[in-house]
Amino acid sequence: MSSFERKIKPRLSISGLLFWAAIIIAAWFISRAHVKDYWFYDAHADIMKESHDPGEHIQLLSPGQEPATAEVIVENRELICPKVGMVELNDTACAENFAALPLGPQDFAVLLHRLAQSGVSDVAVSAPLTWQQETGDMSREMFCRVMGSFPHAVAGLRGRTAAQPDFTPMELRNSAIPPENVQGDARGLPIANRPLPNGLTSTPDALAVVWAPDWLQDEPHTHKPSAIEGMSFPLLVRWNGEVIPTLPFRLALMRLGLKPTDVQVKLGESITYGGITRPLDRHGRTKLSEASVVKLPLPEVVSGTGIKERLGENSCVVLEQPAPGQNTPQRLERLALTVSQLAGTEKITHHTFPRLIGGGYREEAVILNDWVDYTIAISSLLLALFILPRFHWILRWPLLLAMPCWLVHEAAKVATTIWVPLSSMLICWLLFAIACSALKPVRRGLFDKVR
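The present account deals with the structure reproduced in this document. (Residues numbered from 1 in each chain as written. Predicted model: local features only at pLDDT ≥ 70, side-chain atom pairs only at ≥ 80, totals over all residues. Heavy atoms only, no water.)

## A few points about the overall build of the chain
1) Next: Across its full length, the chain holds 13 helices and 19 strands.
2) Next: Against the globule reference of 22 Å for 451 residues, the chain gives a C-alpha radius of gyration of 42 Å, more extended than a compact globule.
3) Next: By principal-axis analysis of the C-alpha atoms, the chain measures approximately 140 × 45 × 35 Å.
4) Next: For the chain, with 451 residues in total, the buried portion stands at 45%.
5) Next: Residue pairs in contact within the chain that sit at least 24 positions apart in sequence constitute 80% of those at least 6 positions apart.
6) Next: Total accessible area computed for the chain in this model is approximately 23,500 Å², and 58% of it derives from carbon and sulfur atoms.
7) Next: With 43 positive and 45 negative side-chain charges, the chain shows a spacing of 15 Å between the two charge centroids. (Helix = DSSP H or I, 4+ residues; strand = E, 2+ residues; numbered from the N terminus. Rg over C-alpha atoms; globule rule 2.2 N^0.38 Å. Buried < 20%, exposed > 50% of the residue type's maximum accessible area, 1.4 Å probe, protein only. Contact = heavy atoms within 4.5 Å. Areas by Shrake-Rupley, 256 points an atom, 1.4 Å probe, with all protein chains shown as cover. Lys, Arg positive; Asp, Glu negative; His and termini not counted. Charge placed at Lys NZ, Arg CZ, Asp CG, Glu CD.)

## So, unusual backbone geometry
1) Next: A positive phi angle, near 65°, is found at D218, a position not held by glycine.
2) Next: Along the chain, the position of D218 falls in the loop between β9 (211-216) and β10 (236-239).

## Regarding the sheet that holds strand β14 (residues 276-279)
Hydrogen bonds along the backbone pair up the strands of a sheet, which may run parallel or antiparallel.
1) Next: Judged by pairing direction, the sheet is mixed, and its four strands sit side by side in the order β6-β12-β13-β14 without closing on themselves. Taken across any chain shown, the strands that pair with only one partner, and hence form the sheet edges, are β6 (182-183) and β14.
2) Next: Across three bridges, strand β12 (residues 264-266) lies against strand β13 (residues 270-273) in antiparallel orientation. Each bridged residue has a counterpart across the sheet, and for K266 the counterpart in β13 is S270. (Pairing = 2+ DSSP bridges.)

## Looking at the packing of helix α3 (residues 38-47) against helix α12 (residues 393-413)
1) Next: Between α3 and α12, the least distance of the axes is 11 Å, while the angle of their chain directions is 55°. With respect to α12, the element α3 is oriented oblique. α3 and α12 meet at a crossing whose hand is right-handed. Of α12, the residues touching α3 (which contributes F40, Y41 and H44) are V408, A411 and A412. (Axes fitted to C-alpha atoms, helices over the stretch in contact; angles between N-to-C directions. Parallel < 35°, antiparallel > 145°, perpendicular 65-115°, else oblique. Left-handed = near helix turned anticlockwise from the far one by under 90°.)

## Let's talk about the layout of surface pockets
1) Next: Roughly 750 Å³ of volume is contained in the largest pocket.
2) Next: Around the largest pocket, the lining is made up of 20 residues, and of these I24, W28, A377, L381 and C428 lie nearest the centre.
3) Next: Counting only elements with at least two residues in the lining of the largest pocket, the list comes to α2 (14-34), α11 (371-387), α12 and α13 (422-438).
4) Next: Here the lining of the largest pocket takes seven residues from α11, the largest share from any one element.
5) Next: Split by residue class, the lining of the largest pocket holds 19 nonpolar, one polar and no charged. (1 Å grid on protein atoms, 1.4 Å probe; cavity = no way out; pocket = protein on both sides within 12 Å on 5 of 7 lines; lining within 4 Å. Points joined across faces, edges and corners; volume = space filled by probe spheres on them. Nonpolar A, V, L, I, M, F, W, Y, C, P; charged D, E, K, R; others polar.)

## Quick word on the pairing of strand β5 (residues 152-160)
1) Next: Along β5, seven of the nine residues are buried, which leaves the element largely enclosed by surrounding structure.
2) Next: Direction of pairing for strand β4 (residues 120-126) relative to β5: parallel, over a ladder of four bridges. Counted as the bridge partner of V125 is A155 from β5.
3) Next: For β5 and β9, the ladder comprises four bridges, and the chain directions are parallel. Residue pairing for β9: A155 is matched across the bridge by W211.
4) Next: As judged from the two bridges shared by β5 and strand β8 (residues 194-195), these two strands associate in the antiparallel manner.

## What about the pattern of salt bridges?
1) Next: The tally for this structure, following the rule as stated, stands at eleven salt bridges.
2) Next: One salt bridge connects R77 with E346, and the closest N-O pair in it is separated by 2.8 Å. Of this pair, R77 sits in strand β2 (residues 69-80) while E346 is found in strand β17 (residues 345-356), placing the two residues 269 residues apart along the sequence.
3) Next: Look at R77 and you get partly exposed, because its relative accessible area is 47%.
4) Next: According to the relative accessible area criterion, E346 is partly exposed, its value standing at 35%.
5) Next: When the shortest N-O distance is used, the salt bridge between E141 and R145 registers 2.5 Å. Here R145 and E141 lie together in helix α6 (residues 137-149), a separation of four residues that amounts to about one turn.
6) Next: E141 sits in the partly exposed class, given a relative accessible area of 35%.
7) Next: Given a relative accessible area of 57%, R145 falls into the exposed group. (Salt bridge = Lys/Arg side-chain N within 4 Å of Asp/Glu carboxyl O.)

## Regarding helix α5 (residues 105-117)
1) Next: Between its first and last C-alpha, α5 extends 18 Å over 13 residues, near the 18 Å set by a 1.5 Å rise per residue.
2) Next: Of all the residues in α5, the buried ones are P105, D107, F108, A109, L111, L112 and L115.
3) Next: At its buried positions, α5 is contacted by β4, α6, α8 (298-303), α9 (307-311) and β16 (315-320).
4) Next: Just downstream of α5, G119 is the residue with a positive phi angle, here 95°. (Expected span 1.5 Å × (residues − 1).)

As structure tokens, this is what we get:
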């Protein structure tokens, strides 16, 4: 061997090399057991706008480990709406089932009696209740008595706005919502100040019937369905300045065991009754979402067959007899849908389901799987400790400083799905950098000077 070869041949201390390799290997295993990379993966989740609980770490799972969960109780509120039947009493249907027209109070009494026999418990009647011929007191009494036989029954009172207002009808007294329960501008509500005449309100029998505003002259919202899809019949009207529940809303309140005094109104925002809050527009209407109705053919009502099968027990029915020239079947459907929606009750259930603690987890990427991987890793470490100290510091330190940048970059690329032991890698890199400075050749090498 020439003197030149002996001059450049490096002589690294084998014991020093093995010592530093052992230190780095020990640091790897110790840090893997005691150091978690929460600092990196929590910060990465915040940067990526991932949802996780404040103060809770992203879970870093070992191979085969299941993520930790906590039992969470969730309250579910479901609106259960009754199925409401609707009976259309137009001239064509009535002519096919009754001997004479128009229907008199005794005919209404027969229809209502059939409904009561079929298990119907709640009924609303929307009709002009005017008759061309004078009816006897007995027929009117029959109508009022049958109405009183239902647990809940409401008759519609039709009205108009006159230049000279009349006193609020006796039938609507004690029906108004207290002024202190009403907030907002009531000018958008349908208005009336005088009832249209009918064959019952002028008799003492009318006081035994529950009445509510229904069809109002010059108020299109009470005649035709709204141009906006899925809107209810107005729930409220202004009658001589008082806010009064309409026919479908009054029946729904009675069905729920509530009174007008139990209603809280924020016009244009919401209406609250019986613990239920619904949206309310400036015209006193709400959304129809869960309502359910069934059309009952008039022959079935007259015969009293098939109603219980369609509606079940304790059901609700709305009857409508259109005024002359006002035959709009959509109005009856809207009345029935409004009753169904407003009479709905909330069913509250509680469900328990597991929720991830911290809001997320990462599975560990297996870097060293078996003895072959460990053999390759240790051999590569020894080779790096043998070669890198030979480099001049101008080459060695840029290479060393590039290593942690590359490690952080690669860890961030996969940080949304898996995790790698970045802290352990950085600790081992720091020890490796120290080792490269400590392990210098004892003679002048190709790049280094003699120490």
